[in-house]
Amino acid sequence: LSSSLPAPSLPLSTPLATATLLWTRRELSTLQYLLLLNHLAGRRFGQPNNHPVVPWVTDFTSKEGGHRDLSRSKFRLNKGDQALDMTYETGQHHVTDVLSEITYYTYKSRVTDKAVLCRYVRPAWVPAEYPASMARMMDWSPDEAIPEFYTDPDIFTSTHPDLPDLSLPTWVETGAEFCSWHLGRLEGDVVSSHIHTWIDLTFGYKLSGSAAVRSKNVCLDIADTHSDLRGHGVVQLFSVPHPVRGQLGGREVPLGREEGGEEDGVDDDSDDGEEEWTVTNGNGDTIVEDQKISLPPDFNPLAELTELESLSHFQTKSGSITTISVPSPPTYPTSPKPMVVDMQVLGCLVVELFLPRKMVTQGPDCPLQERYEAATKYLVSLPPCVKTMATQLLIPEKKFSLTPSDRYPAVSAFGLPLPSPQQLLSPLMSPVPFPSCFPPLLQTLSRCRSLQSQLAMLTTTHPTQMAEHMTTVSEFCVLLVARSLSPMLPSLSPDCLELVIPLVTSLLQFSHTAVFSSWLLLDKVSSTLGPDKTRSSFLEPVTSLYLNGSPTAKHAKLYHRSFLMTLIVRFKLKVFLENFTNYLVEAVGGYKDLEWDTGRQGLDQSIRSDKREEVGDSLASQVSETMVGEKGQVECETFSEGEVFAFDSLDEQLVAGKGGAVALPAEVLETLVHNLGRNKAGEEESLTEAFDLARFTKVVDNEVEKRDSEGNISTVAGESVLWLAHRLGPVLACRFLTRNLLRMLGLCFLGAEGVRDTGRRFRDQRVRVTQFKVGGDLAAGPVLECLAHMVGLFGDSLVVVQYLPYCWDLVSKAKKRISSSLEGGLLGCLAMLHSSLPLLSDTVLMNELPHSLLAHLLVPLLQVVTTRRVTFTGGARPRLVLLNKLLDTVYMVGLRIGEEMARTHLTPLVTGLFSSFDKLETADQDPDPALAQLRQVLTPALAFSAYVCFYQLLGGSHMEANIANLSLVRRLCCTHQATLQDPTHRPISFLELQGLPHKVTSTSFGGSGTGNMIVVSEEKEVKGELELISRPATDSARQLKGNWLAYWEHEIGRDEREGLFNLKQIKLQSFTGHTGSVRSLAVLDNENSFLSGGKDRTVRLWSIRNVGEGEAMVGAQSVYSGHRKSVFSVSFLAGPGLAVSCDGGVQLWDPFVLGTVREFDTGKESSRVTFCAVRPLSEPGQGVVAATSEGGVRVIDTRVAGPGTELKVSYGAAGLIRSLAVGREGNQLAVGHSSGYISMLDLRTGRLRTGFKAHDGEVLTLTNISNNHFVSTSLDQTASGWKWEDGRLAANLRAPPEPLHCVCPHQGEVIMGSTANRLTIQQGVDTDSPATVHKLRGDLLRGNLSQVACMPLNKLLLLATDSGYIHLVC
């Protein structure tokens, strides 16, 4: 036997049986054997959570003593039995892990980087917190040691200057000497005789069952029954005690006479293990009389036999058998038989899947020969469902060797041909009961796979021809799959659906089939999978459709509301809003109308890189500041520079100023006096007299809007955004749509393309100073239309509360630096402001003008665009476009407020703008880049346009009285006028807007009808002109007012990360129609509809729309009257889109056509046996769980008629069933009884998992809160939280002194309503979690509270009463 065993040169590749035999015979070291066990358990070096472990064997108190108790785990020795008992009582486990991540890095702290240590051990670097010596390390650690402590001397030497080396025992001097001594202790006799107990604790039978409980060694990874896949953890290799390591050498038994004479021992190394003992005298004669053989008291002559039996038993039970290699006869090469090997591999795989604990010792690189032998050995233990198939695949009775020449017998013992793929898949001959849908599914998958392979081959061999027909062939492939799969999808089992997912995913990822398959397959497959599985399987490939651009017209379908509705229904509303709204808004901005340009920045990139871009792009802006500081030309430290006026105090000036008199700083007054005096002394001719406006200017007509394409993606996406806004309501629309639309405006004007002159006019050209559109205006047009439509839908509060603050934030950033993205953002702000001003009412405009518009936007923007302290990253062009748009906006404001008010509010702006031209009077040699940009912006053409603009707003005389540098402005304007050959564009004046002739004299302004506001004419032509500057939205029913406005402002202003429900007791709406008590509510996922069932025997469908100021009474959209008794349960099955309601019998009906689909009863002859509680299973489940009045539970498949499957809910009399709760992804059911008893069932197997006495009184409600917890309330006025995992108590919730009869969840929170109209909101299923109690006001409810339902995204509550009213509150 010994001659056939391999040498332990490669211990990790040695078979376990051989290694165990070598180790017990001391031919393999303990360290090498432990490393082999670690390798089989999946532990690998370099993995902190999964590093190999070895035992601590000494406490380092003495050189030869201090042995560690190997019969107890290190965790138990460190924590103590009492602490482990308490842990087991609360969590059903003793030990969390054998080696944690923190311990691993602490062990290797001397050779690990500080950043890694701060990430995993302690956030702050404190060297004193790390153990200083090996003795302290062993005493501190609750985990086992690592092999490096026995083999690596470098681990003790610190690489950190402030962390000393790990101190070693005094009897060693170097790390190498310590490793040698430490390894000697591990391999010594004391450890060798007890190490098997440590192996049992770490890898063996003491990890599970009663042995683990007795040893206080139940590991968390074993206790959770491996319900979740994970990459690390404890693995049990053996289920029987590990053999003891044998003695070193043979057994020397001392023998002697009773008198204590000389003792002789005789050893016998015979193979059979027997020993013979003789005692002779000096003559060689055997002495048998008067002498007795003396043996040691602890001597056991059967010890070696016992060890051999123990080893054999261990190898047999662990699935590892020692094989003796026998020289084999020479073999000759034969043709391989791959079919045989495939069938053998399949048979081994079946055994390994169904018996994982018995096959765990098979290493990852175990040869097929060993796998086959182990599989045939355990065939008898297989369950009957696969035992026949595995027997046919492996043929254990033949015992043929695995060589390429092997082949199966022609006919099996049953008279059938032996295994082949065709035979296994045949419905008649297969030993495996495949479902009836599997053969057609297999045929469809094979055809599609074959077609895809042929396409790939033809694309390689005939690329040119295939390029022309690829789209057609690809669409045919999708049609083939859709027509074949659609009929069988509803009947497919979950296992068969797993085969469909890769096929659909591959079609969604292939560019030629992605769009077509999303149209035809996504909805049908997702309706069968359910939202969770759909999200995990298809979210990434579907979002990639939007990421990769939209090169064809077919992509427009992806943005149509019909496809968006599919995404909302199948992925659920929250996932849709978080993952798809950005792409939809990008499409509105024109990003999807052409091939995706990788250089263009999308919304996601803009949000992520906002701060990073500001830092990077501002380098050019800082150059100007550096150069100015070095030259000392500007002494002022503030941003306002003192060049024109103090912008920072402008808001105070505007408040204090009356009649246009604004208090200016002293230095500005000196400049103005100096310039005005110089003007009066040197120039007697007024600037107005030098102009010939009638000759050199004209009003250019508005451009007739022409859409480039009626079916382009931008148009389709814009219509979808408006449709989505109507569905979402004000809060979600403003949170997910308008915020992104505002950000999209900045992206429209980003880069050189965004400020490129297009030569096209505006739709409102007559009221603009700017002559032509830029590229950004073309892209921003649909975005501005969407924003304007939002204002028309929800009211001008959107401009005041959301649009303007967004602009303020951008302008506040612009005071510091101007990045490329900020340039686009500022341009987008002014474009939005110009389009929003006509939508504001006169009252709102005048209220917001001094502060929101002038002080926070227009004046700071004028300062930014005319300052020398910063430069624009994009050069002079964005600066010029920004100034032109500023003039457009100011002119729009002036037309709206009238001449007198314009003189009052806009004069400081005019003064500041024209005073900025003085900056150009410096020497030309000045290398300031900001000044170079200003020379290209403050041109004679701009001076001419600005003067004409303000001349028509304020009047010539007022202008000449307030412009300080009038001579400079006159010279610039005359210079530009002299270059004009054709009349240039000027905006329309006040009088022209009113239908009066335009006058060019300086005193033409100030006549009657041009005071503070525009006089509205009744003529149609004049009315059309006035709509250019004023078209406030009509008083639509959905505009935010009263309580709706207060709720919207609160939700928009709160942090999105704040998910707690905050009840303000503000009533938004009431729903009336029920004539009796409302007994059930069910909110649909879209959060704009809900169902209610009442005592009046009706079920009503309601729509939620923001109407009125909070007191509006709304009727039902439709009423289902198919019930004959009071309806006490109603729910909605999202998969088939049907409603389920119960009045004693269960009815399935269509809420859109109000038609009954199917009815279910208990199937009992007695009419007294009815259903008393109903809950739907989780999606895509087409089933419901219903409780009967006899105390039973039925699982009903709504697709077929019948009473359903009855489940046993208790072993004894638990009372009537009062409530049900379905949780843990639809796999578990909780049943509440009238006796206070709660039963828990596994719906996958139908078995009763556990039952317990939960309350002293009747269980009123059971509610699923999350995947981990559910809550029960009782008539004894208590509420408790329970764990789905094991039914143990999780928390006692706070409850008022009355029964809680209605409960609903909100993102982990628990909202409970009592019979005394009290609402208790607890932040989690935890005894210590905060809770708030609200007494509902009498004016909020009409009647007593009967039901509560939550709308989590909108943070709203539906409160139903016994009087038939339902109230929507926030």
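Check the entry above for the structure.
With respect to the overall build of the protein
Here is step 1 of the chain: Scanning the protein from terminus to terminus reveals 50 helices and 31 strands.
Here is step 2 of the chain: Taken across its 1370 residues, the protein has 51% of its residues classed as buried.
Here is step 3 of the chain: Nonlocal contacts in the protein, meaning residues at least 24 apart in sequence, comprise 65% of its contacts between residues at least 6 apart.
Here is step 4 of the chain: Of the roughly 61,500 Å² of accessible surface on the protein, 52% is carried by carbon and sulfur atoms.

Some remarks on the sheet that holds strand S5 (residues 1089-1094)
Here is step 1 of the chain: Strands sit in the order S4-S5-S6-S8 across an open sheet of four strands; the sheet is antiparallel. Strands at the two margins of the open sheet, each flanked by one partner only, are strand S4 (1078-1083) and strand S8 (1118-1120). Averaged over all pairs of adjacent strands, the angle between their axes in this sheet comes to 20 degrees, without regard to strand direction.
Here is step 2 of the chain: Inspection of the sheet shows S5 paired to strand S6 (residues 1099-1103) by five bridges, in the antiparallel sense.

Quick look at the sheet that holds strand S16 (residues 1205-1207)
Here is step 1 of the chain: Pairing is antiparallel in the open sheet, where four strands are placed in the order S13-S14-S15-S16. The two strands at the open ends of the sheet, each matched to only one other strand, are strand S13 (1171-1176) and S16. Recorded for the sheet is a direction-independent mean angle of 25 degrees between the axes of neighbouring strands.
Here is step 2 of the chain: Where strand S15 (residues 1193-1197) and S16 come together, three bridges link them in antiparallel fashion. Bridge pairing in S16 places Val1193 opposite Leu1207.

Considerations on a nonpolar patch on the surface
Here is step 1 of the chain: On the surface, a nonpolar cluster with roughly 300 Å² of combined accessible area is contributed by Leu302, Leu305 and Leu308.
Here is step 2 of the chain: Within the secondary structure, Leu302 sits in the loop between helix H13 (220-223) and helix H14 (303-317).

Regarding the environment of Gly1192
Here is step 1 of the chain: Residue position: Gly1192 is located in the loop between strand S14 (1183-1188) and S15.
Here is step 2 of the chain: Taking the C-alpha atoms as reference, Gly1192 lies 9.4 Å from Phe1171; in sequence the two are 21 residues apart.
Here is step 3 of the chain: Excluding its chain neighbours within four sequence positions, the residues that come into contact with Gly1192 are Ala1186, Ala1187, Glu1206 and Ile1217.

Notes on the pairing of strand S29 (residues 1345-1351)
Here is step 1 of the chain: Judged by how many residues are buried, S29 sits mostly within the fold: six of seven residues are covered.
Here is step 2 of the chain: Counted between consecutive antiparallel strands, the loop separating S29 from strand S30 (residues 1356-1361) contains four residues, among which Lys1355 sits at a positive phi close to 55 degrees.

Topic: the state of the cysteines
Structurally, a disulfide amounts to a covalent bond that connects the sulfur atoms of two cysteines.
Here is step 1 of the chain: According to the stated counting rule, one finds zero disulfides in the structure shown.
Here is step 2 of the chain: Free of any disulfide, Cys1172 has its nearest neighbouring cysteine sulfur in Cys1142, separated by 8.1 Å.
Here is step 3 of the chain: Looking at Cys1172, the relative accessible area reads 28%, which means it is partly exposed.
Here is step 4 of the chain: Among the cysteines around Cys1350, which has no disulfide bond, Cys1304 carries the closest sulfur, lying 5.2 Å off.
Here is step 5 of the chain: On the basis of relative accessible area, Cys1350 is assigned to the buried category, the value being 11%.

Quick word on the packing of helix H38 (residues 775-794) against helix H39 (residues 797-814)
Here is step 1 of the chain: Following both chains from N to C, one finds H38 and H39 inclined at 130 degrees, their axes separated by 8 Å at the closest point. The orientation of H38 with respect to H39, classified from their angle, is oblique. Every residue of H39 that contacts H38 at Leu787, Met790, Val791 and Phe794 is listed here: Leu798, Val799 and Tyr803.
Here is step 2 of the chain: Looking at side-chain class alone, the contact of H38 with H39 contains seven nonpolar, no polar and no charged residues.

Quick word on helix H41 (residues 842-866)
In an α-helix, one full turn covers 3.6 residues, which means residues spaced three or four apart are oriented alike.
Here is step 1 of the chain: Here H41 is 25 residues long, yet its end C-alpha atoms lie only 30 Å apart, well below the 36 Å a rise of 1.5 Å per residue gives.
Here is step 2 of the chain: A bend of about 70 degrees at Leu849 is the largest found in H41, and the proline Pro850 appears one to four places after it.
Here is step 3 of the chain: Along H41, 19 of the 25 residues are buried, which leaves the element largely enclosed by surrounding structure.

Quick word on the environment of Ala876
Here is step 1 of the chain: For Ala876, the location among the structural elements is in helix H42 (residues 876-897).
Here is step 2 of the chain: For Ala876, a relative accessible area of 11% translates into the label buried.
Here is step 3 of the chain: The sequence separation of Ala876 and Val865 amounts to eleven residues, and the corresponding C-alpha distance is 10.0 Å.
Here is step 4 of the chain: Each residue touching Ala876, except ones within four places of it in the same chain, is listed here: Gln933, Gln936 and Val937.

Thoughts on the nonpolar core
Soluble globular proteins: nonpolar side chains tend toward being buried together.
Here is step 1 of the chain: Core analysis: the biggest nonpolar cluster contains 197 residues, and Phe538, Tyr546, Leu567, Phe914 and Phe950 have the highest contact counts within it.
Here is step 2 of the chain: Ranked by size, the runner-up nonpolar core spans 57 residues in total, among them Leu117, Tyr150, Leu163 and Val191.

Cut-off values and rules
Residues numbered from 1 in each chain as written. Predicted model: local features only at pLDDT ≥ 70, side-chain atom pairs only at ≥ 80, totals over all residues. Heavy atoms only, no water. Helix = DSSP H or I, 4+ residues; strand = E, 2+ residues; numbered from the N terminus. Buried < 20%, exposed > 50% of the residue type's maximum accessible area, 1.4 Å probe, protein only. Contact = heavy atoms within 4.5 Å. Areas by Shrake-Rupley, 256 points an atom, 1.4 Å probe, with all protein chains shown as cover. Pairing = 2+ DSSP bridges. Axes fitted to C-alpha atoms, helices over the stretch in contact; angles between N-to-C directions. Patch = residues over 30% accessible without salt bridge, like charges linked within 9 Å, V, L, I, M, F, W, Y side chains within 5 Å. Salt bridge = Lys/Arg side-chain N within 4 Å of Asp/Glu carboxyl O. Disulfide = S-S within 2.5 Å. Parallel < 35°, antiparallel > 145°, perpendicular 65-115°, else oblique. Nonpolar A, V, L, I, M, F, W, Y, C, P; charged D, E, K, R; others polar. Expected span 1.5 Å × (residues − 1). Bend = angle between axes of the 7 residues up to and from the residue. Core = buried A, V, L, I, M, F, W, Y, C linked by side-chain atoms within 4.5 Å.

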